[in-house]
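# Chains, contacts and geometry: an overview
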Amino acid sequence: MRVFRLHVNGDPVEVAAPEHWTLLEVLRYQLGLTGSKQGCDKGDCGACTVLVDGTPTLSCLSLAATVEDQQITTIEGLLPAHRAAGGEGADPLQESFDESGALQCGFCQPGMILSAKALLAENPDPSAAEIKESLAGNLCRCTGYTQIYEAVLAAAKADMHAAISTDSAKEVQS
Amino acid sequence: MLRLPKFEVKNPATAEEAVAMILEIEGDARFIAGGTDLNPNMKHGLFAPERVIALNGIGELQGIRLDEDGSMRIGAMATLAEVTKHAELNQFYPALCQAAKLVSGPQLRNMGTLGGNVMLDTRCQWYNQTYFWRKSLGYCMKKDGSKCHVVEGGSKCVAAASNDTAPALMTLNAELEFVTTEGRARLPIADLWQADGIWNKKLPHTALLVAIHLPKPAANSHGAYGKLRDRGSVDFPLFGIAARLNFGSDGTIEDAALCAVALQARPWPLKKAASLLIGTHPGKDDFNDAVEKVANLAAKQCRPMPNIPGDHEYRHLMVPVFTRRTLHAAASDEGPVHHV
Ligand SMILES: Cc1cc2nc3c(=O)[nH]c(=O)nc-3n(C[C@H](O)[C@H](O)[C@H](O)COP(=O)(O)OP(=O)(O)OC[C@H]3O[C@@H](n4cnc5c(N)ncnc54)[C@H](O)[C@@H]3O)c2cc1C
Ligand code: SF4
Ligand code: FES
Ligand code: FES
């Protein structure tokens, strides 16, 4: 056993787990964060994607012992972060996946949303090709992808509208 | 669910400390970089080290920089994503960036390192399988068994070098800086490989790759990488080929290099074929004629085997196609070449 000092969804956590466990195992079986899915467990599907210092990373192939100093974001962290930043409802990507019907069984969704989250953080106005490219490591066996791409595009637009309306509100005020 | 074997994890701060930590274990111990090759392999029971030594805390393995003599130093822990995005690397060593960009998918390029890609284990459809799968078929010579399912009666494992960046680094005459028990040494990448699929490197797994050095490029150096694969993402190469072409001031090809991968245990340099391009003029008939000859010769010299998934006769038919396309792409700076 080893005591891992992790930073998960903004909180420091100390958690004891076998030293050889993956980050995914620690998240799911020690911290109860089952939003990150255990699909193929060997790098093929992207269902276990989390953000490590903002970068999409496969938690099934990451040893917990190698991410101790980094910020880990799982799907469970998005809504609280959105609310803490003064937002309403869920994260715009979560809302948009819901509204666009971008899921059927939902198994791929946490990984898809986190890959998309990292894309929008770096590139708030992505093209369809850029969206496709950034989701190329996330497999979906149900939807056929079209609505997933649409959901990300819609979330980007919603984000931009929100940003533009706050900017113009500020301009009006000043 | 695939479980890792039990091991302890060490987090050294220097290269020398890492080498000392791998040597002090009597049984097996392994370095781990991005873990995108080692972790699946351990989950499949292909390695069961008692100790895993994480390289991510070693400062000198990080980063990409231009050295004073005009060469580039890429730390072994530089990720494939970093390589892909690096401006000078894209400008001067396009084949390397194109190959890195075609490795797997985005998350694996964020995690996977260039050092790990060079040191990648060879691959075979009879080997990269779960323990249960391998056991059901009576194992094979590379792990736990005694026969080869690819070459019946064969005495040597022919599992394929499948690292996309290796052929690009071969055409660029990269040098590898290692720390071993004997200290520090630099090795031309062409001298790393041996024709043994069980372990295709001349150095043992306890040698630590610290950095990849790329010599200063010639003034007018062009390159491209071509990759045949099933899908547009995630898949390992069914065939890969890297090209470098150096143009003289009048546009004549003065030097050329070609190297293929996903054939046998070693990346496969095509020296004679590349030499046919020297003295020709891209954009003119002599170059186009030479490219056809090179493509035909490549098809003679590259013989895909049923070691990796995919129809090997189809892969063979694609050798001249991808050789031709990659050379034209290198000459016109239009790589990479891939079909999806
Ligand atoms: C689904 C999937 C698809 C993939 N597709 C491709 C592909 O298309 N093309 C491709 O080339 N690869 C592919 N890979 C393999 C892998 O992701 C990359 O090759 C990656 O670059 C490996 O780097 P790493 O840092 O993760 O290596 P690790 O897994 O950390 O290490 C790989 C090996 O190298 C050794 N090693 C690592 N660093 C050093 C060092 N500095 N010194 C000495 N030894 C070292 C390790 O001990 C281990 O044996 C794929 C993997 C998966 C899971
Ligand atoms: S080539 Fe494949 S089947 Fe033959 S020994 Fe090597 S890994 Fe096993
Ligand atoms: S569960 Fe990690 S990639 Fe499939
Ligand atoms: S919705 Fe089922 S896998 Fe994507």
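Everything numeric in this text was worked out from a predicted model, so none of it was measured.

### Focus: the overall build of chain B
Of the regular secondary structure elements, chain B holds twelve helices and 13 strands. Relative to a compact globule of 340 residues, whose C-alpha radius of gyration would be 20 Å, chain B shows 20 Å and is just as compact. Based on the C-alpha atoms only, the size of chain B along its principal axes is roughly 60 × 50 × 35 Å. Buried residues in chain B amount to 58% of all 340 residues. By element, 51% of the accessible surface of chain B is carried by carbon and sulfur atoms, the whole surface being about 13800 Å². Side-chain charges of chain B comprise 37 positive and 36 negative groups, with the mean position of each set lying 6 Å from the other.

### Points about the interface of chain A and chain B
Taken together, the contact pairs 32 residues of chain A with 30 residues of chain B. Contact with chain B buries area across many residues of chain A, yet His20, Leu61 and Leu63 of chain A alone supply 26% of it, more than any other trio. At the junction of chain A and chain B, the tally comes to three salt bridges. Elements with a contribution of two residues or more to the side of chain A that touches chain B: α1 (23-30), β4 (55-58) and α5 (128-134) of chain A.

### Details of the pattern of salt bridges
The full count for this structure, using the stated rule, is 24 salt bridges over all chains. Salt-bridge contacts for Glu68 of chain A lead to Arg2 of chain A; the nearest nitrogen and oxygen are separated by 3.3 Å. Of this pair, Glu68 of chain A sits in the loop between β4 and β5 (71-73) while Arg2 of chain A sits in strand β1 (residues 2-8), and the two are 66 residues apart along the sequence. In terms of burial, Glu68 of chain A and Arg2 of chain A fall into one category: buried. For the salt bridge of Asp235 of chain B with Arg231 of chain B, the shortest nitrogen-to-oxygen distance reads 2.6 Å. Judged by its relative accessible area of 15%, Asp235 of chain B is buried.

### Notes on unusual backbone geometry
Residue Pro336 of chain B follows Gly335 of chain B across a cis peptide bond; omega there is -5 degrees. Residues other than glycine seldom take positive phi values, yet Asn9 of chain A does so here, at roughly 50 degrees. For Asn9 of chain A, the position within the fold is in the loop between β1 and β2 (11-17). Look at Asn9 of chain A and you get partly exposed, because its relative accessible area is 26%. The backbone of Asp333 of chain B shows a phi angle near 55 degrees, a positive value even though the residue is not glycine. Tracing the backbone through its elements, the reader meets Asp333 of chain B in the loop between α12 (312-331) and β13 (337-338). For Asp333 of chain B, a relative accessible area of 49% translates into the label partly exposed.

### Re the site of ligand 1
In the vicinity of ligand 1 there are 33 residues, among which Phe31, Ala33, Thr36, Thr113 and Asp164 of chain B approach most closely. In this structure ligand 1 sits where residues from chains A and B come together. Within the backbone of Phe31 of chain B, a nitrogen or oxygen atom sits 2.6 Å from an oxygen atom of ligand 1. Relative to its free-state accessible area of 970 Å², ligand 1 is covered by the protein chains to the extent of 97%. In terms of residue class, the shell around ligand 1 is built from 16 nonpolar, eleven polar and six charged.

### Notes on the domain arrangement of chain A
All names here are of chain A. For chain A, the assigned domains read domain 1 (2-77) and domain 2 (78-173). A separation of 22 Å is found between the C-alpha centroids of domain 1 and domain 2. Of the residues lining the interface, 18 residues belong to domain 1; the matching set on domain 2 comes to 16 residues. A combined buried area of about 1200 Å² lies between domain 1 and domain 2, and 65% of that area is made up of carbon and sulfur atoms. Summed over the shared surface of domain 1 and domain 2, the number is zero salt bridges.

### Some words on the pairing of strand β7 (residues 183-188) of chain B
All names here are of chain B. In terms of strand pairing, strand β6 (residues 175-180) meets β7 through six bridges, oriented antiparallel. Looking across to β7, one finds that Glu177 is bridged to Arg186. Hairpin connection of β6 to β7: two residues between the antiparallel strands.

Each value, and the rule that gives it
Residues numbered from 1 in each chain as written. Chains lettered and ligands numbered in written order. Predicted model: local features only at pLDDT ≥ 70, side-chain atom pairs only at ≥ 80, totals over all residues. Heavy atoms only, no water. Helix = DSSP H or I, 4+ residues; strand = E, 2+ residues; numbered from the N terminus. Rg over C-alpha atoms; globule rule 2.2 N^0.38 Å. Buried < 20%, exposed > 50% of the residue type's maximum accessible area, 1.4 Å probe, protein only. Areas by Shrake-Rupley, 256 points an atom, 1.4 Å probe, with all protein chains shown as cover. Lys, Arg positive; Asp, Glu negative; His and termini not counted. Charge placed at Lys NZ, Arg CZ, Asp CG, Glu CD. Contact = heavy atoms within 4.5 Å. Buried area = accessible area lost by both parts, 1.4 Å probe. Salt bridge = Lys/Arg side-chain N within 4 Å of Asp/Glu carboxyl O. Near = heavy atom within 4 Å. Polar contact = N/O pair within 3.5 Å; in protein donor to acceptor, adjacent residues only side chain to side chain. Nonpolar A, V, L, I, M, F, W, Y, C, P; charged D, E, K, R; others polar. Domains from an automatic or database assignment. Pairing = 2+ DSSP bridges.

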